[in-house]
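# Working through the structure, step by step
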Amino acid sequence: MRRFRNVKIVATLGPASNDYAMIRKLHEAGADVFRLNMSHGSHDEIRERHAMIRQVESDLDNPIGILADLQGPKLRVGVFAKNEEILENGASFRLDLDPAPGDVNRVCLPHPEIFAALEVGAGLLVNDGKIRLRVTDCGTDFAECEVINGGMISNRKGVNVPDVVLPLAALSDKDRKDLEFVCQLGVDWLALSFVQRPEDVWEARQLANGRASILSKIEKPAAVKDFDAILDVSDGVMVARGDLGVELPVQNVPSIQKQLIRKCRKVAKPVIVATQMLESMIESPMPTRAEVSDVANAIYEGTDAIMLSAESAAGEFPVEAVTMMNDIAIEVESDETYRDVIDASRSADRKTVADGIVAAAREIAETTHIKAICCFTQSGTTAALVARERPRVPIIAMTPLRDTARCLALTWGTDCVVIKEPVDRFKQAVVNSARAARMGGYAGEEDQILVTAGVPFNVPGTTNILRVAPCAEHLIYATDPE
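Residues numbered from 1 in each chain as written. Predicted model: local features only at pLDDT ≥ 70, side-chain atom pairs only at ≥ 80, totals over all residues. Heavy atoms only, no water.

Our focus in this paragraph is the pattern of salt bridges. Summed over the entire model, instances satisfying the criterion amount to 38 salt bridges. Across the pair Asp-32 and Arg-3 runs a salt bridge whose closest N-O atoms are separated by 3.0 Å. In this pair, Asp-32 is assigned in the loop between helix H1 (20-29) and strand S2 (33-37) and Arg-3 in the segment before strand S1 (8-13), connecting sequence segments 29 residues apart. Residue classification places Asp-32 among the buried residues on the basis of a relative accessible area of 7%. The salt bridge partner of Asp-355 is Arg-388, with a shortest N-O separation of 3.1 Å. (Salt bridge = Lys/Arg side-chain N within 4 Å of Asp/Glu carboxyl O. Helix = DSSP H or I, 4+ residues; strand = E, 2+ residues; numbered from the N terminus. Buried < 20%, exposed > 50% of the residue type's maximum accessible area, 1.4 Å probe, protein only.)

Assignment of secondary structure puts Glu-247 in helix H8 (residues 241-247). Of the residues examined, Glu-247 reaches a relative accessible area of 8% and is grouped as buried. Within polar-contact distance, the side chain of Glu-247 engages the side chain of Asn-160 at 2.8 Å. Among all residues touching Glu-247, those that are not within four sequence positions of it are Leu-125, Asn-160, Val-161, Pro-162, Glu-219, Lys-220 and Pro-221. (Polar contact = N/O pair within 3.5 Å; in protein donor to acceptor, adjacent residues only side chain to side chain. Contact = heavy atoms within 4.5 Å.)

Quick look at the nonpolar core now. Counting residues in hydrophobic clusters, the biggest one holds 92 residues, and the most contacted among them are Phe-34, Leu-190, Ile-299 and Ile-306. Here Leu-190 is in contact with Ala-68, Leu-179, Val-182, Cys-183, Ala-208, Ala-212, Ser-213, Ile-214 and Leu-215, once residues within four sequence places are set aside. One finds Phe-80, Ala-122, Leu-124 and Val-161 within the second-largest nonpolar core, a separate group that totals 28 residues. (Core = buried A, V, L, I, M, F, W, Y, C linked by side-chain atoms within 4.5 Å.)

Right, let's talk about the sheet that holds strand S18 (residues 395-399) for a bit. For sheets, the rule is that strands pair by backbone hydrogen bonds, running either parallel or antiparallel. Pairing is mixed across the open sheet formed by five strands, whose spatial order is S19-S18-S17-S20-S21. Strand pairing shows two members of the sheet lacking a second neighbour, strand S19 (414-418) and strand S21 (463-470), which therefore form its edges. Strand-to-strand twist across the sheet, computed as the mean angle between neighbouring axes with direction ignored, equals 25 degrees. Alignment of strand S17 (residues 370-376) against strand S20 (residues 448-454), held across four bridges, turns out to be parallel. When the sheet's bridge partners are listed, Cys-375 is paired in S20 with Thr-452. Contacting S17, S18, S19, S20 and S21, helix H15 (residues 381-388) runs over the sheet at an angle of about 145 degrees to S17. Strand contacts of helix H17 (residues 426-439): S17, S18, S19, S20 and S21, with the helix running at about 135 degrees to S20, the strand carrying the most contacts. (Pairing = 2+ DSSP bridges. Axes fitted to C-alpha atoms, helices over the stretch in contact; angles between N-to-C directions.)

This is a description of form; function is not addressed.
Okay, here's the thing in C-alpha cells:
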C-alpha cells in the first residue's frame, strides 16, 4: 500500500478502535504503526488487538509496525478523608509516609525513594502541574512544602518531581511482566517510559534480548540533559511532550523538540513526536488551526513519525483524525519550503562506505530522472541511512525479513517490500527492485531506479554497491553483470 507522503503515522488503539474493521480503516486511512498502551487493557485485550493488527497485515499484504508502550512507575499521592481538598496559595502542606487519609494539611506520598532524593528548594508538581509545591524542609519520610500554586487536590493524583533524578528504575514490576508478555506475543518496538539515564535503557534491552527494538520516551528533564548518552543506547526516541511540558516550562518544549529531532536524524534513528497533536478531534471532527500548525511544524522539522493518542484510542473520530494527519503531511511535503528546510538541516557524519553510498544515491537521484531508491537491507540499517538523507524520491526497502519490514514502518519515507525468494546475486537484486518499483507505481518500463546492496548478501552492515538500473527487465538481463 503506497503512501503519498514520507512522515509516518502512529495510531493508538483503545475502546474506539477495538475491532478488525476499525483497525483496517485506520491503516487504510494512513496509520503505519499501531501503539498498544500497556497502561490500559488486560493482557487478553492486548492479545486480541495484536491478533487483529496481524490479520489486517496479512489480508492487505502490507507490513505493519506494532509499538508496545510500557507504563513506567507511577508516582501518586494517597487518598483524602473527604476525597478532595482545596490548597491555598502560601499555605503549608506536608507529604509523608503515613497511610492515614489526608486532609488540607497533609497526605500520604507512598514513595520513600522520592523523600530520599528531595532537597530543600526542590519543586513538586501535582495533577499534571496544576498544583505546585516547594520543599521547605524534608527528611527520609516527609517533606514540608509551601503551596506556590494552589487548587483542588484529590485522591491518587499524579506527582512529578522535575528538579531531581529519582533513584527509580524505569521498569516497574508490572512493566517487566508486560515486557515479557509483549515480546512473546511479537511486537516490533518497546516504548520505555520514565527514562532518566542510559542504564534505564540497558535494563529493558537485556530483558527484550533482541526480540524488539527499544524506543526511549523523553519526558523527564534528566533525560533531556543526558540525551546524547540515552540516544546512543536506544534504537529510537519519542518526544513525549505531555510530561515534558509539565516538568519543564512549556515554552521550552518546542526548542527541545527541534533539537531532539535533529540529533536523532543525524544518527539515523527514528523519532516520534507525540501528545496532544490533534487533541480537539477527540470530540470534534475538525482540529483547531493551532493543532494543524503543530503537526505541520513537526513535519517541517523532519520528524520520522507523528502520533495520535486519545484521538484514535478513545475519541469519537478516529478515522478522521488519521485522515487529517495524512492530509496535513501530504500538503506540507508538497511545499517547496519543506524541501528547503529539510535540505538545510542535513548534517550527517559520514564515516563509512555505507554513509558514502547512501549520500551518493541521494545526489544522483536528485540531479537526474531517477524514480526511486531501492535498498536491500537485512537489519534495516541501510534503509535508515538512506532515510536520513531525506531524498526527494521514494525509498523502497527490500528485505527478506518481515520483522525488519515491520520495524521500518516507523522510519521516514520507507516503503517496505518483503522478498518472497532469497537473493544471492546482484542481478536478482536489480530485477526484484525493478519489479517492486513497477508494481508499486513508482516507475514505468522506460524509467530508471537506483539500487543499493551489499555483497555478500544477507550480511548486515555490508552496503557497498550503488547501481543505476533500468526498470525494463530485458535491459537488465542484457547489461547487468551476473
